[in-house]
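# Remarks on the overall topology
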Amino acid sequence: MKYAFVVICLALTASASPLRLNWRAKGANKSSSNAAAKSNTKSGGNLQSSTTLDPSVIANGFEQNGQQVPTAGQVASLTSSNNFINFCATTKQPITNGQQVKGGSCNPAPMGSIPSTANMPSCKFSNPKNLDTIKANQNFTITMNIQGMTTGNFVNADSNYFAAPQQLDKSGKIIGHSHVVVEKLDSLKQTTPTDPTKFAFFKGLNDPAQNGELSAVVSGGLPAGTYKVSSINTAANHQPALVPVAQHGSLDDVVYFTVANDGKSAGGGATGGAKNTKAGGKGADKSATKSAAGSKSAGGNDNQNDGGKNKN
Ligand SMILES: [Cu+2]
């Protein structure tokens, strides 16, 4: 029964998203006055089915390897005079082809539309907050404030992973969605890199942000320990968000928190303990509200945290 409900939810979301994206794409084409659109109209051809490269999109800059302006240690870029359209033929990898290929693959989709610096996404976790302590094995809600991205847009992660370029909405923001991932640490002072194949909780945040806030219920909570929670802000096809300049603030957030059986921070003192309890209380309240409100529209959310099987 639960399973059937999840399937319906997924089907509804899956059918709604492409419509929204198409609507946006149509709007973009109408207002577009670039040469590609014009040549398409003239020739009567379809730029999305033609197997030849339209001259209007050739990036001549790709012919330079960048060493005209040498910098110590700088390596030469790979070059191409055809936008690398056949790049994957030069690697000995399978084509990604919309799949999540665990052994590696080569993806031929272009990177796509890049927003302006005014539209670079950024986010900050609001629960748990950095260095919070929460109670073990008890439902809690991860909440994250996000700006600069049109959230809630995700494509089928099994058939369309990395399968289309990043797209922008009419306001110039990346059409995408976010994810949260919780990883267990040895301690808050761990210095060894974590293993990206292992995580304690993962969830695609597929609903649009409500008042700038995304959320995910961690059903059953987490066992006692120390953890890192990170965001993964992506375009609709699940590729990491791309922005126009190399030097920018982080597009993602990371906070570290402790899960304790008594929900109190060790050695935090009376004040710290009291504060944390208060914060935990707030989180618990939110969690209750969210899971009650969210169970209608997103009953499948919790199921997407399947301990590592989620491909999103
Ligand atoms: Cu995703």
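First things first, this report covers the structure right here in the doc. (Residues numbered from 1 in each chain as written. Predicted model: local features only at pLDDT ≥ 70, side-chain atom pairs only at ≥ 80, totals over all residues.)

## What about the overall build of the chain?
- A tally of regular secondary structure across the chain gives 3 helices and 10 strands.
- Starting at the N terminus and ending at the C terminus, the chain contains elements arranged as α-α-β-β-β-β-β-β-β-β-β-β-α.
- Across the 312 residues in the chain, those meeting the buried criterion constitute 25%.
- Excluding contacts between residues fewer than 6 apart, the proportion of contacts in the chain whose partners are at least 24 apart in sequence is 73%. (Helix = DSSP H or I, 4+ residues; strand = E, 2+ residues; numbered from the N terminus. Buried ≥ 20, exposed ≤ 12 C-beta atoms within 10 Å, placed from the backbone. Contact = placed C-beta atoms within 7 Å.)

## Regarding the pairing of strand β5 (residues 174–185)
- Bridge analysis of strand β4 (residues 149–150) against β5 gives 2 bridges, and the strand direction is parallel. Each bridged residue has a counterpart across the sheet, and for Met149 the counterpart in β5 is Ile174.
- Examined bridge by bridge, β5 and strand β9 (residues 234–235) share 2 bridges and lie antiparallel to one another. Bridge pairing in β9 places Gly176 opposite Ala235.
- Where β5 lies against strand β6 (residues 201–205), 5 bridges are found, and the strand directions are antiparallel. Residue Val180 lies in a different strand from β6, and its bridge partner there is Lys203.
- Bridging between β5 and strand β8 (residues 225–231) involves 6 bridges; their strand directions are antiparallel. (Pairing = 2+ DSSP bridges.)

## Let's talk about the pairing of β6
- With respect to burial, β6 is a largely interior element, 5 of its 5 residues being buried.
- Neither face of β6 is left uncovered, since the one carrying Phe201, Lys203 and Leu205 and the one carrying Phe202 and Gly204 both have all their residues buried.

## A few points about the sheet that holds strand β3 (residues 140–147)
- Taking strand neighbours across the sheet as the criterion, the 3 strands line up as β1-β3-β7 in an open arrangement whose pairing is antiparallel. In this open sheet, the two edge strands, each paired with only one partner strand, are β1 (122–127) and β7 (213–218). Going across the sheet, the axis of each strand differs from the next one's by a mean of 25°, ignoring polarity.
- Pairing analysis gives 6 bridges linking β3 to β7, with the strands arranged antiparallel. Within the sheet, the bridge partner assigned to Thr143 lies in β7 and is Ser215. (Axes fitted to C-alpha atoms, helices over the stretch in contact; angles between N-to-C directions.)

## Digging into the nonpolar core
- If you look at the biggest cluster of nonpolar residues, it comprises 23 residues, and the most contacted ones within it are Ile142, Val180, Val182 and Val229.
- Breaking this core down by element, the ones donating at least two residues are β1, β3, β5, β6, β7, β8 and β10 (254–260).
- Take this core: its biggest share by element is 4 residues, from β7.
- When neighbours within four sequence positions are excluded, Ile142 is seen to be in contact with Phe125, Asn127, Val180, Ser215, Ala216, Val218 and Val229.
- Listed in part, the 11 residues of the second largest apolar core include Met120, Met149, Ala235 and Ala236. (Core = buried A, V, L, I, M, F, W, Y, C linked by C-beta atoms within 7 Å.)

## Some thoughts on the environment of Asp207
- Note that Asp207 resides in the loop between β6 and β7.
- The partly exposed category is assigned to Asp207, around which 18 C-beta atoms lie within 10 Å.

## A short note on unusual backbone geometry
- Going from Asn127 to Pro128, the amide bond is cis rather than trans, its omega being -5°.
- One can find Pro128 in the loop between β1 and β2 (133–135).
- Phi is positive for Asn83, which is not a glycine, with a value near 60°.
- By secondary structure assignment, the location of Asn83 is in the loop between α2 (35–43) and β1.
- On the basis of neighbour counts, which here come to 14 C-beta atoms within 10 Å, the residue Asn83 falls in the partly exposed class.
- Unlike most non-glycine residues, His238 shows phi in positive territory, near 75°.
- Within the secondary structure layout, His238 lies in the loop between β9 and β10.

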